[in-house]
Amino acid sequence: MSAPAPSRRALLWARRRAAWGEFARTYAQNRAGLFGLAALAAAALTALCAPLFIDAGELAVTGGPGGRFEPPSGEFWLGTDAFGRSVLAMVLWGARISLTVGFLAAFVSVALGTVIGIIAGHFGGWPSDVLMRVTDWFLVLPSLVVAVALAAVLERSTLTIIVAIGVTAWPATARVVRAQTLSVEARPFIERARALGGGHLHVMKRHVLPNVMPVVLAQTTLLVAEAIVMESTLSFLGLGDPSTISWGGILQDARSAGAISSGIWWYMVPPGLAIALVALSFTLCGRALEGVFNPRLRERR
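Residues numbered from 1 in each chain as written. Predicted model: local features only at pLDDT ≥ 70, side-chain atom pairs only at ≥ 80, totals over all residues. Heavy atoms only, no water.

## So, the UniProt feature "transmembrane region" (unreviewed entry) in the protein
In the numbering used here, UniProt assigns the "transmembrane region" (unreviewed entry) feature to residues 34-54, 101-125, 137-154, 208-229 and 264-289. The distance from the first to the last C-alpha atom of residues 208-229 is 31 Å, and the span holds 100% helix and 0% strand. (UniProt positions renumbered as here; feature names shortened; annotations may be inferred. Helix = DSSP H or I, 4+ residues; strand = E, 2+ residues; numbered from the N terminus.)

## Topic: helix α4 (residues 125-140)
In this model, α4 (16 residues) spans 23 Å end to end at C-alpha, consistent with the 22 Å of a helix rising 1.5 Å per residue. Where α4 is concerned, the buried positions are S128, M132 and T135. Relative to the axis of α4, the buried residues are bounded by an arc of 60 degrees and lie together on one face. In α4, the exposed positions that point more than 90 degrees away from the buried face belong to W126 and W137. Here the buried face of α4 lies against α3 (87-123) and α7 (171-185). (Expected span 1.5 Å × (residues − 1). Buried < 20%, exposed > 50% of the residue type's maximum accessible area, 1.4 Å probe, protein only. Arc of directions from axis to C-beta. Contact = heavy atoms within 4.5 Å.)

## Thoughts on a nonpolar patch on the surface
Nonpolar side chains collect at one region of the surface, where V153, L154, L159 and V163 lie side by side and expose about 390 Å² of accessible area between them. With respect to the element layout, V153 can be found in helix α5 (residues 143-153). Note on V153: relative accessible area 69%, which makes it exposed. (Patch = residues over 30% accessible without salt bridge, like charges linked within 9 Å, V, L, I, M, F, W, Y side chains within 5 Å. Areas by Shrake-Rupley, 256 points an atom, 1.4 Å probe, with all protein chains shown as cover. Salt bridge = Lys/Arg side-chain N within 4 Å of Asp/Glu carboxyl O.)

## A word on the nonpolar core
Where a protein is soluble and globular, its nonpolar side chains tend to be buried together. Core analysis: the biggest nonpolar cluster contains 51 residues, and W247, Y267, V278 and F282 have the highest contact counts within it. For this core, the secondary-structure elements that each account for two or more residues are α2 (31-53), α3, α7, α9 (200-236), α10 (247-256) and α12 (265-293). Top contributing element to this core by residue count: α12, with 11 residues. The residues touching V278, leaving out its near neighbours within four places in the chain, are L40, A43, L99, I228 and W247. One finds A147, I161, M230 and L239 within the second-largest nonpolar core, a separate group that totals 13 residues. (Core = buried A, V, L, I, M, F, W, Y, C linked by side-chain atoms within 4.5 Å.)

Here it is as structure tokens:
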């Protein structure tokens, strides 16, 4: 007797496993992408495990275990700050806030840009014109200046930073998603879905969204890097949450303490390098994902 035919669910999962396997093999061919992924994994693991080996009490301004501006030594590998706190402990602890703000702000921005881009590309006509003119208006505005204005007006908190970054960084995503939506809408299976009675919501949710998700995913990695840099900039300008420790906040404290003019490099360089490394890692991952999802980019290489 012949074996029974596999069910529809089994075939679906088999295709998904094959697709993920092909994705992993293609991504593994990009060495820069692997380096970025490894660096991000290390940064995320450090942020998650920081409370396990760092005493939060030693990060308070009154609980520093060392002296003022001690240089790097065997006890304090990256020296201490103006309150005797370990700079290394502050950088590791600050990864929690900086990465959280980066991910959440990028999620808000990508979600807003994706919704606007899909609606504009699907409906066309005057809804598309209105949404794109609003997008263009936000696009020409300097996002950092708008974020500074929002952070200055609203209450100084981590949520304010997330909202300020999220509502100013979405136009580029909306433009990219709209272009991809127009490409998907021109394919024959969209006409078949409409002929079979599929409504607007069904077409956008079941057909357009899955096909634009690769672009959205690649855009997300790039926006996380941008959000981390913007959070650091806002915190450096004194608009961050004063009750939390972030990389930008450390730089702002170093500037306020006169570390720049005094040549206290161990107070300024570590958080700056952490920002640069994480932003570079997200950028490398984003470029690698673009190469995976766009075969023409792989052919150029």
